[in-house]
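Reading the structure
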Amino acid sequence: SRRQPKPETAKAIFDAVEQVRVESIGANRMTGVADNLEALLAEKCEQRGFRHVASRDDAPIADVIGMLVREQLTGRGVPDAAKAMVELWRPEIERMAGKDMHKLRDVIANQDQFSRALKRVIRDLKLSDDEGEMERDEEESEDSEDQQGQSEEKGDDAIRDKVAVAEFPTTL
């Protein structure tokens with residue numbers, strides 16, 4: 001009796017987690033940024049009433065997954081106001097997608113690899129069954145690996161630029 005996920009759910013998860021990725025890069029490099037983002041997220045969780053969510057049907061799944069990924073990428077826990085809500089979903093999400101979710105940390109600095117890994121997580125959670133898209137991603141992965149003669153330093157500069165202009169989160 002599960003409700004079929006809508007394509008917008010997968011997109012919302014993708015967008016939320018990409019925002020988490022960018023913020024996590026900055027948070028992992030600068031403690032002050034990490035503290036500010038953590039305070040902002042805690043405030044957002046309070047304002048959105050996450051403390052009062054008592055059923056999985058009422059828990060916004062994109063926010064839950066975003067907080068679980070944030071925990072993976074930064075090592076910082078879920079805000080107190082959202083802990084009970086996240087725990088409603090954690091066992092199932094970890095059972096279904098934990099293996100691929102743990103791999104996100106390894107590819108945090110590479111947006112393309114992160115995107116492909118995140119799509120695997122979304123597929124693991126049965127929120128997207130677009131195998132054609134996954135196959136295209138794998139082909140693109142092989143092409144980009146052939147072109148990876150570029151220096152890591154150049155990639156780091158691009159990440160730093162993106163973190164510098166990143167807005168405060170609108171969805172986590």
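Residues numbered from 1 in each chain as written. Predicted model: local features only at pLDDT ≥ 70, side-chain atom pairs only at ≥ 80, totals over all residues. Heavy atoms only, no water.

**Some details on the overall build of the chain**
Put simply, the rule reads: What counts as a helix is a DSSP run of H or I of at least four residues, what counts as a strand is a run of E of at least two, and both are numbered from the N terminus. The contact definition used throughout considers only heavy atoms, calling two residues in contact when any of these lie within 4.5 Å. Exposure was quantified through the Shrake-Rupley algorithm and a 1.4 Å probe, taking into account, for residues, occlusion by the shown protein chains and nothing else.
On a plain count of helices and strands, the chain comes out with seven helices and zero strands. Across the chain, helices and strands are ordered from the amino to the carboxyl terminus as α-α-α-α-α-α-α. In the chain, once contacts between residues fewer than 6 apart in sequence are set aside, the share between residues at least 24 apart is 72%. Accessible area of the chain: about 10,200 Å², with a carbon and sulfur share of 46%.

**With respect to the nonpolar core**
Applicable threshold: Within this scheme, the nonpolar core is defined by two criteria: the residues are buried Ala, Val, Leu, Ile, Met, Phe, Trp, Tyr or Cys, and they are joined through side-chain atoms within 4.5 Å. Burial status follows relative accessibility: with a 1.4 Å probe on protein chains alone, a residue under 20% of its type maximum counts as buried, one over 50% as exposed, and anything between as partly exposed.
If you look at the biggest cluster of nonpolar residues, it comprises 38 residues, and the most contacted ones within it are Ile 65, Met 67, Val 69, Ile 93 and Leu 104. Broken down by secondary-structure element, the contributors of at least two residues to this core are α1 (7-29), α2 (31-47), α3 (61-74), α4 (80-103) and α5 (111-124). Contacts of Ile 93, omitting those with residues within four sequence positions, involve Ile 61, Val 64, Ile 65, Leu 68, Gly 98, Met 101 and Leu 125.

**A few points about the pattern of salt bridges**
To be explicit about the condition: One side-chain nitrogen of Lys or Arg within 4 Å of one carboxyl oxygen of Asp or Glu is enough to make a salt bridge.
Following the criterion strictly, the structure yields 13 salt bridges and no others. A salt bridge links Lys 83 to Asp 80; the shortest N-O distance between them is 3.0 Å. In this pair, Lys 83 and Asp 80 are both assigned in helix α4, three residues apart and thus about one turn of the helix distant. The exposure class assigned to Asp 80 is exposed, which follows from its relative accessible area of 55%. For the salt bridge of Lys 103 with Asp 100, the shortest nitrogen-to-oxygen distance reads 3.6 Å. Taken together, the positions of Lys 103 and Asp 100, both in helix α4 and three residues apart, correspond to about one turn of that helix.

**Here's the deal with the environment of Ala 109**
Positionally, Ala 109 belongs in the loop between α4 and α5. Assessed through its relative accessible area of 40%, Ala 109 is described here as partly exposed. Taking the C-alpha atoms as reference points, Ala 109 and Ile 25, 84 residues apart in sequence, are found 7.4 Å from one another.

**Points about unusual backbone geometry**
Negative phi characterises most residues that are not glycine, and trans characterises most peptide bonds. Phi at Lys 126 takes a positive value of approximately 60°, unusual for a residue other than glycine. Relative to the elements of secondary structure, Lys 126 occurs in the loop between α5 and α6 (131-146).

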